[in-house]
Amino acid sequence: GQQLNQSPQSMFIQEGEDVSMNCTSSSIFNTWLWYKQDPGEGPVLLIALYKAGELTSNGRLTAQFGITRKDSFLNISASIPSDVGIYFCAGPPDSWGKLQFGAGTQVVVTP
Amino acid sequence: DGGITQSPKYLFRKEGQNVTLSCEQNLNHDAMYWYRQDPGQGLRLIYYSQIVNDFQKGDIAEGYSVSREKKESFPLTVTSAQKNPTAFYLCASSTNQETQYFGPGTRLLVL
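A short tour of the structure in this document, coming up. It should be emphasised that the depicted structure is a prediction, and the values quoted were computed from it without experimental measurement.

**Some details on the sheet that holds strand β3 (residues 19-25) of chain B**
All names here are of chain B. Judged by pairing direction, the sheet is antiparallel, and its four strands sit side by side in the order β1-β3-β8-β7 without closing on themselves. Each edge of the open sheet carries a strand with a single partner, namely β1 (4-7) and β7 (64-66). Going from strand to strand, the sheet's axes swing by 20° on average, the running direction of each strand aside. Both β1 and β3 contribute to a ladder of four bridges, which runs antiparallel. Note that in β3 the partner of Ser-7 across the bridge is Ser-22.

Okay, here's the thing in structure tokens:
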């Protein structure tokens, strides 16, 4: 099955700083998904990537589909307090529709 | 509004008691999923269903049961056989192996 490694596990940053996290897989992907989970809520899809080299933005968030097709990156620019939460990467659904999620990156933003 | 609802938001279980978590969606999605999330951890798949009247075990199905009698509904029962049920439970749905959309979650606590 798919093996996803997401790093870092957590990060403590000051408001205004840029944040970067990544995911790597043991196999080639045709899709990368990035979700954010606010504290006490369900994950929400932020960005979906479908092509190697693709760079997609959603406000201050930018995600890239690595050219090797085995990695993806998520950047948050000029962080604000509401960026707090857990960010998950996921690979493409399998034939049953199941997603394999990374372990998540916990982001804490301090004033 | 279309979406996924989960109820209750908080649920308390006594020792030896079965409890049922509700998940309803009006997105007309065929597939539905249940995940468990422990504090500071990622998402683990409990059960999933691709179609009405059919469901499959996920990675941690022991101590849980589900039913899928209607397309809109996928209730999860946490049985007394689940010895460590305290967790955050997330329901998700998707259509034809596309990205999953999550409900707001139910937090289960043991008295």
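Here the narrative resumes, following the displayed structure.
**A closer look at the interface of chain A and chain B**
Listed by partner, the interface residues are 20 residues for chain A and 22 residues for chain B. Between chain A and chain B, a total of about 1700 Å² is buried, with carbon and sulfur atoms accounting for 57% of that surface. Considering only the surface of chain A that becomes buried against chain B, A:Trp96, A:Lys98 and A:Phe101 emerge as the three largest contributors, covering 29% of it. On inspection of chain A and its partner chain B, the count reaches one salt bridge. B:Lys9 is the salt-bridge partner of A:Glu41, the closest N and O atoms lying 3.8 Å from each other. The tally of links from chain A across to chain B stands at four residue pairs in polar contact (both at pLDDT 80 or more). At the level of secondary structure, the elements contributing two or more residues to the side of chain A that touches chain B comprise β4 (32-37) and β9 (85-90) of chain A. A per-element tally of the side of chain A that touches chain B places β4(A) first, with three residues.

Rules used in this analysis
Residues numbered from 1 in each chain as written. Chains lettered and ligands numbered in written order. Predicted model: local features only at pLDDT ≥ 70, side-chain atom pairs only at ≥ 80, totals over all residues. Heavy atoms only, no water. Pairing = 2+ DSSP bridges. Helix = DSSP H or I, 4+ residues; strand = E, 2+ residues; numbered from the N terminus. Axes fitted to C-alpha atoms, helices over the stretch in contact; angles between N-to-C directions. Contact = heavy atoms within 4.5 Å. Buried area = accessible area lost by both parts, 1.4 Å probe. Salt bridge = Lys/Arg side-chain N within 4 Å of Asp/Glu carboxyl O. Polar contact = N/O pair within 3.5 Å; in protein donor to acceptor, adjacent residues only side chain to side chain.

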